[in-house]
Amino acid sequence: MLEFIYLSGWGAFALLLSFQLPFMFFFLHLIYKKTYVDSAPSDTSDEKITKFKNIWMTVVVVLFVAVNLMSIQYMPAVSSARAVASGQDVMEVDVTAASWSYEMSTREFVAGKPIRFTAKSTDTVHGFAIYSPDGDVLFTMMLVPGVTASSLIYTFKEPGTYKIRCLEYCGAAHHEMSDEIIVKASTS
Amino acid sequence: MSTATAIIKRVPLFGRMFNVDTSTGLEELNAWPALMVLASFVWLAIAILLGISMPLSQIFELDSAIFYTAITAHGAAMAFPFTFQLMAAVGMHRAGGCLGKPITGIFASLFFWFMNIGGILFAIAVLSGLKISYAVMYPLPVVGVATGQWSNWMLVLGFSGIALILVSVIVLYPLQIISMLFFGEKREDLVLSPRSLKDPGMLGMAMAAFVLLIMGLPLLIVASAVLLALYGILPMAWVTWATEPMTFQWVFFIFAHNLMEAMAIMVISAVYATLPLYLADGTRKLYSDRIANLALWILLVTSVTSFFHHFFTMYPALPAALSYHGNIMSWATGTGAALTIFTICATVWKHGLRPGAGLMAILMGFVLYILDGVSAIITSNVAFSFQLHGTMWQSGHTMAVLISMSLMWIGVLLHHYPVMTGRQLDEKLGMLFVKLYTIGALGVSWSFLAAGAAGMPRRFAAWNQEGWMMYGYLILLFGLCLAASLIVLALNFKRSRSIEETGGAAVPAE
């Protein structure tokens, strides 16, 4: 469940709706009720409203803290550090982006083996995003020329052909800046 | 008759909509804001056509250059000459009416000329081939010259336009507000609704002016250095510090992020100021000025350094500690928003409301703004950012923040319109506008966010893969709904009748 929420775009969308919809329906109901049904001043005491404020702010803060605390394990800096700490061999891959293609030290990988992608750009701002065979974004990196290369460790779970796309607008042929990598099943 | 009034009279079609009422003695308050509002709606009309052309160019598989031209011009027109100019116009009008100060000085007139001439220069450059998106994507403008995508002449023209717009946003607008707040004599004949800096409705105006001035200055310095080098006034070797991609990225996002936050602070303060005027029992008070002010301060303090969320996916070039700071600060802005939600709900619950198109536009704009805030904080979480950054989710957030704030400002404008023009709008048409706009904005926003969740890249001229075109059709459908709402709004402005003609129908006082 948590993996779905934090590691897929649709998980983010589900979380978005779970925050948005209750607010939207409550607010619209309130406006309708206090404008068209009974617009007279309410006799609710200030004490009750203050109580509502305290409950509301507590719920907001608890939700915000919970969502962010649970996300920590899915942050690439943390998951990369864990992969290193696990003692597994990490395969190193260098990526160089330039308008409008990628140079990669290899394009073939093995599922289940951690890979460190170290990517840089040599001309303008580019992106390096890997899509699963189902079309989901697994991760994206922003590559700004002249700064430390972007880097993270990722472990492919399934074999297949994975698409790479640039997600930072980089000029006339930005939409053609793509590539592919092959992930093979582990033999061990 | 002032220069601004004279210009309005000469503009075909739009001039009739925003003709200033010169009989009330308030021309010094109304003329420049009315001209700015007029200009902002001209830009909006252009932006709508460009916006609709984007999905159409994808559906009919036209040349990708058309899409990139449209996206650059649409984004730039929406953000600055439309939304910011509208906000500045209504904001100046509000400030003038609250403080009893005329809007006649050099800052107001220069703001108008710089913003619109800047917009025209940038538009010419874009139509001539400079396709850099409204986010500039530096160093793309320079790389584009080196790779023959556009000429150096277009770059110089485009940057000149951007420089004029930046001066108007970062210098002229804040100076106009600051000069009204702290200098000049108060004129009782211009006071419509007295307010001080203790009022949430005025505090936000001051905060936003200082944020723009302070957080925009680094970009202004860097952009000026680059522009002077492009003009050949300074040797390029002298400005290498400014042409470093990361230098530009930092100063750009410190400004751009805080520009949006400043606009949010301003519009929330405008909501705080306008809502009490429509309370049913006439007490005309927010539930708590103290909580409202606290929400503004939280928003201000937390948002200033939350701009790091634009760089999460550069790790480790952006150290993890700064990412976490940006993450925490971004979500902390949500606590300010939660207090604002409470204040508005408690005020409405306690007093009840009188319905009015202006108020409904403000409240529906507020709903859209909060809904967008959720999409903003989600993508400002480091973990989510690695799946969503660079997708249509980001475009959806940017677009939604602009159209939600625009709706709130249009709501404030509908409230100010009778004072500005001496004419009354039709309530039914006003309500129809609000309904169509809200449906269109919600639909287009969710379409963008769903497209982002599906991995559809932003600023990307190839929607015909991975089933993404479905989102294109939805964006077009709801975009047309938005366009229809704005046609209804234009009709309402065009059909407005003088207050005497309508029997002086009551409008909440200001």
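None of the values given here were measured: they were computed from a predicted structure.

Side note on the overall build of chain B
No. 1: When its secondary structure is counted, chain B shows 17 helices and two strands.
No. 2: Its C-alpha radius of gyration of 22 Å places chain B within 12% of the 24 Å reference for a compact globule of 510 residues.
No. 3: Projected onto its principal axes, the C-alpha coordinates of chain B cover approximately 65 × 45 × 45 Å.
No. 4: For chain B, the residues scored as buried account for 68% of the 510 residues in total.

Brief notes about the pairing of strand β6 (residues 137-143) of chain A
Residues and elements named next belong to chain A.
No. 1: With seven of its seven residues buried, β6 lies for the most part within the structure.
No. 2: Pairing analysis gives six bridges linking strand β5 (residues 126-131) to β6, with the strands arranged antiparallel. Across the sheet, G127 pairs through a bridge with M142, a residue of β6.
No. 3: Here β5 hands over to β6 after five residues, with G135 in that stretch at a positive phi of 95 degrees.

Quick look at the environment of R16 of chain B
All names here are of chain B.
No. 1: With respect to the helices and strands, R16 occurs in helix α2 (residues 14-17).
No. 2: Since its relative accessible area comes to 40%, R16 is described here as partly exposed.
No. 3: Separated by 22 residues in the primary sequence, R16 and L38 place their C-alpha atoms 9.7 Å from one another.
No. 4: Residue contacts for R16: discarding those within four places in its chain leaves V11, R423, K494 and S496.

Here we look at empty space enclosed by the protein
No. 1: Evaluation of the coordinates by the stated rule reveals four cavities of 30 Å³ or more.
No. 2: Of the voids in this model, the largest cavity is the one considered here, and its volume is about 710 Å³.
No. 3: Taken together, 36 residues form the lining of the largest cavity, with G51, M54, H74, M399 and F448 of chain B sitting closest to its centre.
No. 4: Where the lining of the largest cavity is concerned, the elements lending two or more residues are α3 (27-59), α4 (64-99), α15 (392-421), α16 (427-453) and α17 (469-494) of chain B.
No. 5: The element that contributes the greatest number of residues to the lining of the largest cavity is α15 of chain B, accounting for nine residues.
No. 6: Here the second largest cavity defines a volume of roughly 90 Å³.
No. 7: Lining the second largest cavity we find Q20 of chain A together with L368, L371, D372, S375, A400, I403, A441, L442, S445, W446 and L449 of chain B.

A short note on the interface of chain B and chain A
No. 1: With 88 residues of chain B in contact, the opposing surface of chain A contributes 77 residues.
No. 2: Interface area, chain B with chain A, both sides summed: about 7000 Å², of which 72% is carbon and sulfur.
No. 3: Among the residues chain B hides against chain A, the three largest losses belong to W349, F386 and Q387 of chain B. Together they make up 10% of the total.
No. 4: The salt bridge partner of R458 of chain B is E168 of chain A, with a shortest N-O separation of 3.6 Å.
No. 5: If you look at where chain B meets chain A, you find 25 residue pairs in polar contact (both at pLDDT 80 or more).

Focus: the sheet that holds strand β9 (residues 178-184) of chain A
Residues and elements named next belong to chain A.
No. 1: The sheet built from five strands is open, its strands ordered β3-β9-β8-β5-β6 with mixed pairing. One side of each edge strand has no neighbouring strand; the edge strands of this open sheet are β3 (108-110) and β6. Shown here is a sheet whose adjacent strand axes are inclined to one another by a mean of 25 degrees, direction ignored.
No. 2: Where strand β8 (residues 160-165) and β9 come together, six bridges link them in antiparallel fashion. Residue pairing in the sheet places I164 in a bridge with D179 of β9.

Considerations on the packing of helix α8 (residues 200-231) of chain B against helix α10 (residues 245-274) of chain B
All names here are of chain B.
No. 1: Contact geometry for α8 and α10: axes closest at 8 Å, N-to-C directions at 170 degrees. For the element pair α8 / α10, the angle class is roughly antiparallel. Relative to α10, the crossing made by α8 is left-handed.
No. 2: Taken together, the residues of the contact of α8 with α10 break down into 21 nonpolar, six polar and no charged.

What about the pattern of salt bridges?
All names here are of chain A.
No. 1: Per the stated rule, a full pass over the model turns up nine salt bridges over all chains.
No. 2: Close ionic contact of E3 with K157 constitutes a salt bridge, the shortest N to O distance being 3.1 Å. Highlighted residues: E3 in helix α1 (residues 2-7) and K157 in the loop between β7 (150-155) and β8, separated in sequence by 154 residues.
No. 3: Since its relative accessible area comes to 61%, K157 is described here as exposed.
No. 4: Across the pair E92 and R116 runs a salt bridge whose closest N-O atoms are separated by 3.1 Å. Here E92 is found in strand β1 (residues 91-98), whereas its partner R116 is found in strand β4 (residues 114-121), with 24 residues between them in sequence.

Looking at a nonpolar patch on the surface
No. 1: Side chains of F182, F183, L197, F210 and I214 of chain B sit close together on the surface and give an oily, nonpolar patch of about 490 Å² of accessible area.
No. 2: The topology assignment puts F182 of chain B in helix α7 (residues 152-182).

Re the domain arrangement of chain A
All names here are of chain A.
No. 1: For chain A, the assigned domains read domain 1 (2-74) and domain 2 (77-184).
No. 2: Listed by partner, the interface residues are five residues for domain 1 and six residues for domain 2.
No. 3: For the pair domain 1 and domain 2, the two sides together bury roughly 380 Å², of which 40% comes from carbon and sulfur.
No. 4: Linking domain 1 with domain 2 are one salt bridge.
No. 5: Across the side of domain 1 that touches domain 2, the residue classes break down as three nonpolar, one polar and one charged.

Description of the sheet that holds β1 of chain A
To summarise the sheet geometry, strands pair through backbone hydrogen bonds and adopt either a parallel or an antiparallel arrangement.
All names here are of chain A.
No. 1: Across the sheet, four strands lie side by side as β2-β1-β4-β7; this open sheet has mixed pairing. Since the sheet does not close on itself, it has two edges, and those belong to β2 (101-104) and β7, each with one partner. On average, adjacent strands in this sheet sit at an angle of 25 degrees to one another, irrespective of strand direction.
No. 2: One ladder, built from seven bridges, connects β1 with β4; its direction is parallel. The partner of E92 across the bridge, within β4, is R116.
No. 3: Contacting β4 and β7, helix α4 (residues 76-85) runs over the sheet at an angle of about 60 degrees to β7.

Procedures and definitions
Residues numbered from 1 in each chain as written. Chains lettered and ligands numbered in written order. Predicted model: local features only at pLDDT ≥ 70, side-chain atom pairs only at ≥ 80, totals over all residues. Heavy atoms only, no water. Helix = DSSP H or I, 4+ residues; strand = E, 2+ residues; numbered from the N terminus. Rg over C-alpha atoms; globule rule 2.2 N^0.38 Å. Buried < 20%, exposed > 50% of the residue type's maximum accessible area, 1.4 Å probe, protein only. Pairing = 2+ DSSP bridges. Contact = heavy atoms within 4.5 Å. 1 Å grid on protein atoms, 1.4 Å probe; cavity = no way out; pocket = protein on both sides within 12 Å on 5 of 7 lines; lining within 4 Å. Points joined across faces, edges and corners; volume = space filled by probe spheres on them. Buried area = accessible area lost by both parts, 1.4 Å probe. Salt bridge = Lys/Arg side-chain N within 4 Å of Asp/Glu carboxyl O. Polar contact = N/O pair within 3.5 Å; in protein donor to acceptor, adjacent residues only side chain to side chain. Axes fitted to C-alpha atoms, helices over the stretch in contact; angles between N-to-C directions. Parallel < 35°, antiparallel > 145°, perpendicular 65-115°, else oblique. Left-handed = near helix turned anticlockwise from the far one by under 90°. Nonpolar A, V, L, I, M, F, W, Y, C, P; charged D, E, K, R; others polar. Patch = residues over 30% accessible without salt bridge, like charges linked within 9 Å, V, L, I, M, F, W, Y side chains within 5 Å. Areas by Shrake-Rupley, 256 points an atom, 1.4 Å probe, with all protein chains shown as cover. Domains from an automatic or database assignment.

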